[in-house]
Amino acid sequence: MDELRKIERKKKRFAVRLKNSKKIICTDIPGLNIVLCNVGQATGFKKNDLLLMLEKITPTPIVLKFIAEKGDSHCFIVFSRIEEAKIFYDTYDGTLSGNSDVPLYMCFVESVPNNEIICSSSNPEGLTLIEGFITEDEEKQLYQLFDWIDESNLKNRQVKHYGYEFRYGSNDVDLNQPLDEKIPQECEIIWKRLEDYGINFSIPDQLTVNKYSPGQGIPSHVDKHSPFGDTILSLSLNSSVVMDWKHHSKAYVPVVVPSRSLLVMQAEARYDWQHGIQPRTWDPIIEVRKIDNGLVKVITSETKARGTRISLTFRKTRQGPCNCCYETLCDSRVTADLDEVASHLEDLHVHQVYEQIAGHFSSTRHKPWPKVVEFLQDIPPGSIVLDLGAGNGKNILNRNDLLQVACEYSAGLLSECRSVTRACCVRADVLHAPLCDCRADAVLCVAVIHHFSTYARRRQAIASIARLLRPGGRALVTVWAKDQSKSNYLCKDKVNTESDTYKTAGIHLPVHQNRTQFKHNDVLVPWKLRKVKENKLENESSQTLLRYYHVFEEHELEELCRNQGVVVEKSFYEEGNWCVICQKI
Ligand SMILES: O=C(O)CCC(=O)C(=O)O
Ligand SMILES: [Fe+2]
Ligand SMILES: [Zn+2]
């Protein structure tokens, strides 16, 4: 009797707590819903314990839902018939049961929490999950083969690589640095078996092993497109896990990935969805239910503990850009787009402008720059000298004993160059010079690279120079400096109030004020076009054109030359320009 009164008091206190925490009301009137007040997820009470209790009642009551929420020491049951709920209540309330050594007590409740999440039951297109892909023995062997302990690893999981090291900064591999350790031959059973499933794939050459302790995960990501090919495989060992799949259309699909299964990611799943594993010690139990004749996935409030999971992610490396048709997550697409904008900008504000100002520009540039004369003075007769971006040819020396080749994109300047110098003239830009590799003894690239509008294109320009030089050959490269304080470019009375911006090729760029200090690295520099008549400038200014410049910081040019097959021998500032002399190695 005393025991019963104690339980009644406990029930009252529980009812108050439940009302406060979940707005759920306990009631004396029997209904379909029961709350078990002192057992739940946190006490280790599982659906199976409930099933055992139900089985002892004849006929076995039908339970529609069992809700054991994370961290709670109570749980809810929804019966299909009130009589059955009553029988359950009468059988077990106040008894020692349910996997517990204290008496179980329960109440009827007006409602139950509904925090189940309903999602589409269809997996991302291109995702194939092959359950039981390997046997338990194979799983054991592979687990032993790949298990390791290494404390000094990633923060949220441990990783190991075969074939090529996966570089976490850039999320790619260096194809020039294959690892000595290739994918172990024990994995070859996988390729053979996959063929039996009729799946089209290339034999992988890169393996990332991820070892997750309970509580660890992997942030949502797409495996970068450009370094890897069309098929990515993930074999799961030892523990199942829920992998979350997210699409930019906001679609979300959790996928239960059991141990011994193989996940095959292709097409949309490979290229257009992100996947990740939440850092938890547990996973929700996911059920597939039929609603209105369709299937849905329900993330229930029930959970399942995770064990240590090792996954083997197999990829095939790719040479060159990705050419998928899924642009949202494609890194190749982004660079291609940026490059397109850049080359359009240069077309408008470098090529077209020089074409228009050729005559006027040429009339302002006469003598070779002293540094060029100095650079070429020791070069032996018979040498091949390339002048990339030769302009009107002012840097072509009046020497008979050199083969001088002038490359210039502006037809106007090139014809000027052709008429006044003895150089071979080629119409081409620096990035596409139609000249053989490794032939030039010397390359000049004076005041050209600052006209390339992305870092990648400026790097490509240096790479072009390196390509054209013979080993041991040298280049003189100069670019306009942002710091003009040590040149006579600045006009003392002028202050840069630079407030104009100009929208061109889809981007806004500041318009520089001539003869003032630069405020930005990427600017449009006005050119006041004057007509040239009978070799004389007409005074009346007719038009202002804008030339694009990337003005360089100190050391930026040296940095651009790094790891491009040249070494910088000398670097200096001269008359508002940063200059390097570099040698091909
Ligand atoms: O553990 C997994 O199955 C996924 C691993 C993964 O996505 C990756 O390494 O890129
Ligand atoms: Fe991945
Ligand atoms: Zn792609």
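- Within the UniProt record for the protein, the comment given under Cofactor (unreviewed entry) is "Fe(2+)".

**Points about the sheet that holds strand 23 (residues 469–480)**
Inference 1: In spatial order, the strands read 21-20-19-22-23-29-28; together these seven strands make up an open sheet with mixed pairing. For this open sheet the edge positions go to strand 21 (424–427) and strand 28 (566–574), each flanked by a neighbour on one side alone. Pairs of neighbouring strands in the sheet enclose a mean axial angle of 15°, with direction left out of account.
Inference 2: Judged from the three bridges that link them, strand 19 (residues 384–388) and strand 22 (residues 440–446) form a sheet pairing that is parallel. Bridged to Asp387 within strand 22 is Leu444.
Inference 3: Those strands touched by helix 10 (residues 455–468) are strand 19, strand 22, strand 23, strand 28 and strand 29 (577–584), and its axis lies near 150° from that of strand 23.

**Brief notes about helix 9 (residues 411–420)**
Inference 1: All of the buried residues along helix 9 are Leu413, Leu414 and Cys417. Seen end-on, helix 9 carries its buried residues on one side only, within an arc spanning 100°.
Inference 2: Against the buried residues of helix 9 lie helix 7 (331–362), strand 20 (403–408) and strand 21.

**Describing the site of ligand 1**
Inference 1: Near ligand 1, the surroundings consist of 13 residues, among which Tyr212, Ser234, Arg309, Ser311 and Arg315 are the closest.
Inference 2: Between an oxygen atom of ligand 1 and a side-chain N or O atom of Tyr212, the distance comes to 2.5 Å.
Inference 3: Take Arg315: an N or O atom from its side chain is 2.9 Å from an oxygen atom of ligand 1.
Inference 4: Applying the majority rule of atoms within 2 Å of the grid points places ligand 1 in the second largest pocket.
Inference 5: Counting residues per element, the shell around ligand 1 draws most heavily on strand 18 (residues 309–315), at four residues.
Inference 6: Broken down by class, the residue content of the shell around ligand 1 amounts to four nonpolar, six polar and three charged.

**Remarks on the coordination of the zinc ion (ligand 3)**
Inference 1: Binding of the zinc ion (ligand 3) to the protein goes through His225 (ND1), Cys322 (SG), Cys324 (SG) and Cys330 (SG), at separations of 2.0 to 2.4 Å.
Inference 2: Each of the four donor atoms bound to the zinc ion (ligand 3) contributes to angles spanning 101 to 125°, and the resulting shape is tetrahedral.
Inference 3: Counting gaps between the donor residues of the zinc ion (ligand 3) yields the pattern H-x96-C-x1-C-x5-C. Both residues of the pair, Cys322 and Cys324, count as buried.

**Description of helix 1 (residues 2–22)**
Counting along an α-helix, one turn takes 3.6 residues, and residues three or four places apart therefore face a common direction.
Inference 1: With 21 residues, helix 1 should cover 30 Å at 1.5 Å per step; its first-to-last C-alpha distance of 30 Å lies within 8% of that length.
Inference 2: Among all positions of helix 1, only Ile7, Lys11, Phe14 and Leu18 are buried. Each buried residue of helix 1 lies within a common arc of 70° when the element is viewed along its axis, so the set occupies one face. Of the residues in helix 1, the exposed ones pointing more than 90 degrees away from the buried face are Asp2, Arg5, Lys12, Arg13, Arg17 and Asn20.

**Describing the environment of Leu386**
Inference 1: Note that Leu386 resides in strand 19.
Inference 2: Remark: the alpha-carbon pair of Leu386 and Leu435, spanning 49 residues in sequence, is separated by 9.8 Å.
Inference 3: Discounting chain neighbours no more than four positions away, the residues touching Leu386 are Val405, Leu435, Ala440, Ala442, Val443, Leu444 and Leu468.

**Focus on the packing of aromatic side chains**
Inference 1: Summed over the entire model, instances satisfying the criterion amount to 17 aromatic pairs.
Inference 2: Arranged with centres 5.0 Å apart and planes meeting at 90°, the rings of Trp191 and Phe314 form a pair that is edge-to-face. Taken together, the residues Trp191 in helix 5 (residues 188–196) and Phe314 in strand 18 connect sequence positions 123 residues apart.
Inference 3: Three or more aromatic residues joined by ring pairs form one cluster here, namely Trp480, Tyr489, Phe518 and Tyr549.
Inference 4: Above the plane of the ring of Phe133 lies Arg193, whose end atom (NZ or CZ) is 5.9 Å from the centre.
Inference 5: Geometry around Trp282 places Arg280 over its ring, the cationic atom sitting 4.6 Å from the centre.

**Details of the environment of Lys528**
Inference 1: As for its placement among the helices and strands, Lys528 is situated in strand 26 (residues 522–533).
Inference 2: Here Lys528 falls in the exposed class, since its relative accessible area comes to 52%.
Inference 3: Measuring from C-alpha to C-alpha, the distance between Lys528 and Thr544 comes to 4.4 Å, with 16 residues separating the pair along the chain.

Scoring rules and cut-offs
- Residues numbered from 1 in each chain as written.
- Chains lettered and ligands numbered in written order.
- Predicted model: local features only at pLDDT ≥ 70, side-chain atom pairs only at ≥ 80, totals over all residues.
- Heavy atoms only, no water.
- UniProt positions renumbered as here; feature names shortened; annotations may be inferred.
- Pairing = 2+ DSSP bridges.
- Helix = DSSP H or I, 4+ residues; strand = E, 2+ residues; numbered from the N terminus.
- Axes fitted to C-alpha atoms, helices over the stretch in contact; angles between N-to-C directions.
- Contact = heavy atoms within 4.5 Å.
- Buried < 20%, exposed > 50% of the residue type's maximum accessible area, 1.4 Å probe, protein only.
- Arc of directions from axis to C-beta.
- Near = heavy atom within 4 Å.
- Polar contact = N/O pair within 3.5 Å; in protein donor to acceptor, adjacent residues only side chain to side chain.
- 1 Å grid on protein atoms, 1.4 Å probe; cavity = no way out; pocket = protein on both sides within 12 Å on 5 of 7 lines; lining within 4 Å.
- Sits in = over half its atoms within 2 Å of the grid points.
- Nonpolar A, V, L, I, M, F, W, Y, C, P; charged D, E, K, R; others polar.
- Donors = N, O, S within 2.8 Å, 3.2 Å for Na, K, Ca; no water.
- Tetrahedral: all angles 85-135°; square planar, octahedral: opposite > 155°, others 65-115°.
- Expected span 1.5 Å × (residues − 1).
- Phe/Tyr/Trp six-rings, centres within 6.5 Å; stacked < 30°, edge-to-face > 60°.
- Lys NZ or Arg CZ within 6 Å of the ring centre and 35° of its normal.

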